[in-house]
Amino acid sequence: MKRTTLSLIAAATALAAVTGFAALTAPDGPQATEAKAPARLPVERTSLLCPSPSSSELAETVYTSYTPAGTAAPDAKGGTGADPAPAKAELKPANATLTDPDTKKKTDKAPAPDKATLTLTQSGKPASATANGAGAPALVGSASGSLAPGWTTQQTTVQAAGTARGLLGVSCTAPDTDFWFPGASTAKERQDYVHLTNPDDTAAVADIELYGPEGVLKSSLSEGIPVPARSSVPVLLSTLTAAPPTADLTVHVTTRTGRVGAVVRSADDKLGSDWLSASADPSGTLVLPGIPADATSVKLIAYAPGDDDAEVKIQLAGATGTFTPAAQQSLHVKSGMTAAVELKNVTRGEPGSLLLTPARKEQATPVVAALRVIRGSGEKQEIAFVPATGPVGARSAVADNRSSGSTLSLTAPAAAAEVKVTASAGTQAGAPVSKTYTVKAGTTLAVAPPVPAGLKGSYALIVETVSGGPVHASRTLAVPQDGIPMFTIQTLPDDKGTVEVPTARQDLTVLD
């Protein structure tokens with residue numbers, strides 16, 4: 001048998017261009033069996049979906065899109081000077097799909113023009129666009145090349161009057177197949193819609209399950225909901241079940257085929273409206289960061305999706321340390337049922353974050369959770385939601401911060417951490433500025449974030465963990481109007497701007 005080694009430099013170069021990294025080794029060389037850790041490389045494409053902002057003609061919506069400045073993806077030679085994919089990020093209108101609450105029939109409008117509502121042209125500098133009235137559509141978007149890693153878009157709507165008045169904010173979501181929304185409702189004073197947006201060129205099929213304090217709410221209308229290609233479907237939760245109105249619900253959205261972006265828009269006749277984003281995946285330990293210091297009411301809603309009941313310990317990480325509220329030290333969550341508890345003004349005039357841990361360490365039953373937060377009193381109240389969220393990780397960002405009105409909450413539940421916060425350039429003008437904060441273990445640090453020098457327009461905040469334990473974060477944006485403390489809260493989980501890519505190794509030896 002003759003052993004011949006082929007020199008295939010061109011093949012190795014092509015492989016590097018596809019995978020971002022490639023290694024070609026001699027069959028008998030010392031590296032033939034040497035293993036290397038997977039490399040972390042920037043993602044080359046990502047998608048975001050923004051729900052239809054409002055059904056009110058009074059609504060004024062701002063979209064702000066941003067990608068942190070960073071290292072480009074490797075080029076074909078393994079360097080980082082070239083970008084193998086064209087840099088492009090844009091959001092276009094989805095095809096509008098309306099749902100009649102009485103007949104449950106869906107009617108499609110004519111496809112929207114193939115013109116971008118918002119286009120981002122460079123990393124490190126946010127771009128914005130506006131859309132007013134009830135005709136603003138849901139948006140479907142993607143980013144590629146150097147604009148993909150960490151791409152984020154904020155949708156902020158001000159509705160000055162009406163039953164859904166308030167400040168509604170949401171970070172546009174990535175498509176997925178599984179979402180949990182504790183904190184929804186079918187109460188008479190609430191109008192809660194789950195918005196399903198399909199980014200793909202083929203139809204998706206979704207199921208919506210509703211769980212109340214007594215378990216699942218039976219329905220024959222919540223299964224097999226079609227979401228046409230590149231379209232958005234709003235579904236009024238109260239039309240999905242004949243069960244009596246339920247104040248505290250957990251909504252579970254899954255897909256049978258395809259993928260969707262999902263988010264719940266909640267409107268209360270007395271408390272205003274806002275978006276409820278999905279909770280972090282079920283876990284025995286959850287962090288819900290960023291309760292405002294002046295919150296007049298805080299309600300915790302939790303759900304246990306497994307076969308076991310959960311006994312959850314409730315703690316508040318405040319400005320100086322972690323304590324257990326005397327009025328409510330724990331919450332029992334029965335399997336398959338939604339549990340809720342009113343914590344009232346648990347923060348006692350100080351900012352804080354809620355920590356949920358197993359009451360018994362040996363029984364860490366997974367749960368999902370969210371907070372309903374109210375500011376103000378009487379007829380001047382406003383509502384927002386804080387879902388459980390994962391840590392910032394290496395980096396996270398949130399767009400649409402103004403010259404005033406933003407509060408950044410940083411929580412280190414386990415160990416002290418150092419965090420770098422960067423204010424980006426402004427949409428119109430402004431130079432980036434950074435500041436480093438130390439967050440003590442078991443505390444919440446609420447700060448007015450840095451503002452770009454010479455700011456015109458809005459800007460993005462980038463949060464990076466420098467050292468120490470995990471940090472959970474949220475941003476509160478306050479835009480008071482007519483004495484109403486309008487506000488919205490967005491959490492900042494890891495932006496997942498990089499992924500692990502295994503080292504490509506291949507023995508190109510021919511035996512003959």
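As the structure is a computational prediction, the values presented were derived from the model and not from experiment. By convention here, each chain's residues receive numbers from 1 onward along its written sequence. Local features in a predicted model are, by the rule used here, given only for residues with pLDDT of at least 70; side-chain atom pairs are given and counted only at 80 or more, and totals for whole chains, interfaces and linings are based on all residues. Just so you know, side-chain values use all the structure's heavy atoms and leave hydrogens and water out.

**A closer look at the sheet that holds strand E12 (residues 152–159)**
Moving on, step 1. Strand order in this open sheet of four strands is E10-E5-E12-E13, and the pairing throughout is antiparallel. One side of each edge strand has no neighbouring strand; the edge strands of this open sheet are strand E10 (127–132) and strand E13 (166–171). For this sheet the average axis-to-axis angle between neighbouring strands, irrespective of direction, equals 15°. In this scheme, strands are said to pair when DSSP sees at least two bridges between them. Strands are runs of DSSP state E lasting at least 2 residues, helices are runs of H or I lasting at least 4, and numbering of each runs from the N terminus. A fitted line through C-alpha atoms represents every axis, and for helices the fit uses only the stretch in contact; the resulting angles, taken between N-to-C directions, go from 0 to 180 degrees.

**A word on empty space enclosed by the protein**
Moving on, step 1. Using protein atoms alone on a 1 Å grid, points that fit a 1.4 Å probe yet trap it form a cavity, whereas open point sets bounded by protein on both sides within 12 Å along at least five of seven lines form a pocket; residues with an atom within 4 Å of a point count as lining. Grid points are joined across faces, edges and corners, and a volume is the space filled by probe spheres set on the points. The final tally for this structure, using the stated rule, is two cavities of 30 Å³ or more.
Moving on, step 2. By volume, the largest cavity is sized at about 50 Å³.
Moving on, step 3. For the largest cavity, the full set of lining residues is Ser283, Gly284, Ala310, Glu311, Val312, Leu356, Pro358, Gln363, Thr365 and Val367.
Moving on, step 4. Of all elements in the fold, only strand E25 (310–317) and strand E29 (352–358) reach the threshold of two or more residues within the lining of the largest cavity.

**Topic: the layout of surface pockets**
Moving on, step 1. For the largest pocket, the calculated volume is near 1,300 Å³.
Moving on, step 2. Lining the largest pocket we find 46 residues, and of these Thr173, Ala174, Pro493, Asp494 and Lys496 sit closest to its centre.
Moving on, step 3. Breaking the lining of the largest pocket down by element, the ones donating at least two residues are strand E4 (45–50), E12, E13, strand E14 (178–184), strand E22 (272–276), strand E31 (380–387), strand E32 (396–401) and strand E41 (487–491).
Moving on, step 4. A total of four residues in the lining of the largest pocket trace back to one element, the largest contributor, which is E4.
Moving on, step 5. Side-chain classes are defined by residue name, with Ala, Val, Leu, Ile, Met, Phe, Trp, Tyr, Cys and Pro counting as nonpolar, Asp, Glu, Lys and Arg as charged, and the others, Gly among them, as polar. When grouped by side-chain class, the residues that make up the lining of the largest pocket number 24 nonpolar, 15 polar and seven charged.

**Regarding the packing of aromatic side chains**
Moving on, step 1. The criterion for an aromatic pair is that two Phe, Tyr or Trp rings (for Trp, the six-membered ring) have centres within 6.5 Å, with stacked assigned to planes under 30 degrees apart, edge-to-face to planes over 60 apart and tilted to the rest. The full count for this structure, using the stated rule, is three aromatic pairs.
Moving on, step 2. Consider the ring centre and the ring normal. A charge sits over the ring if Lys NZ or Arg CZ is within 6 Å of that centre and within 35 degrees of that normal. Of note, arginine 265 hangs over the ring of tyrosine 193, and the distance from its end group to the ring centre comes to 5.8 Å.

**A word on the environment of tyrosine 303**
Moving on, step 1. With respect to the element layout, tyrosine 303 can be found in strand E24 (residues 295–303).
Moving on, step 2. Separated by 52 residues in the primary sequence, tyrosine 303 and valine 251 have C-alpha atoms spaced 9.7 Å apart.
Moving on, step 3. Contacts are assigned to residue pairs with any non-hydrogen atoms lying within 4.5 Å of each other. Sequence-distant contacts of tyrosine 303, that is, excluding residues within four places in its chain, are made with Trp180, Tyr211, Thr250, Val333, Gly336, Met337, Thr338, Pro366, Val367 and Val368.

**A word on the confidence of the model for the protein chain**
Moving on, step 1. Summary of the metric used: pLDDT quantifies the predictor's per-residue confidence within the range 0 to 100. Overall, the prediction assigns the protein chain a mean pLDDT of 87, with 84% of residues at 70 or greater.
Moving on, step 2. Of the regions scoring below 50 in pLDDT, residues 1–33 engages in 50 contacts with residues more than four places distant in sequence or in other chains.
Moving on, step 3. Contacts from residues 75–83, a stretch scored under 50 in pLDDT, to residues over four places away or in other chains number 18 contacts.

**Let's talk about the pairing of E29**
Moving on, step 1. For E29, the tally of buried residues reaches six of seven residues, placing the bulk of the element in the interior.
Moving on, step 2. In this sheet, E29 lies alongside strand E23 (residues 286–291) in antiparallel orientation, the contact comprising four bridges. Within E29, the residue paired with leucine 286 across the bridge is leucine 356. Partly exposed residues are those whose accessible area sits between 20% and 50% of the maximum for their type, while under 20% is buried and over 50% is exposed, using a 1.4 Å probe and protein chains only.

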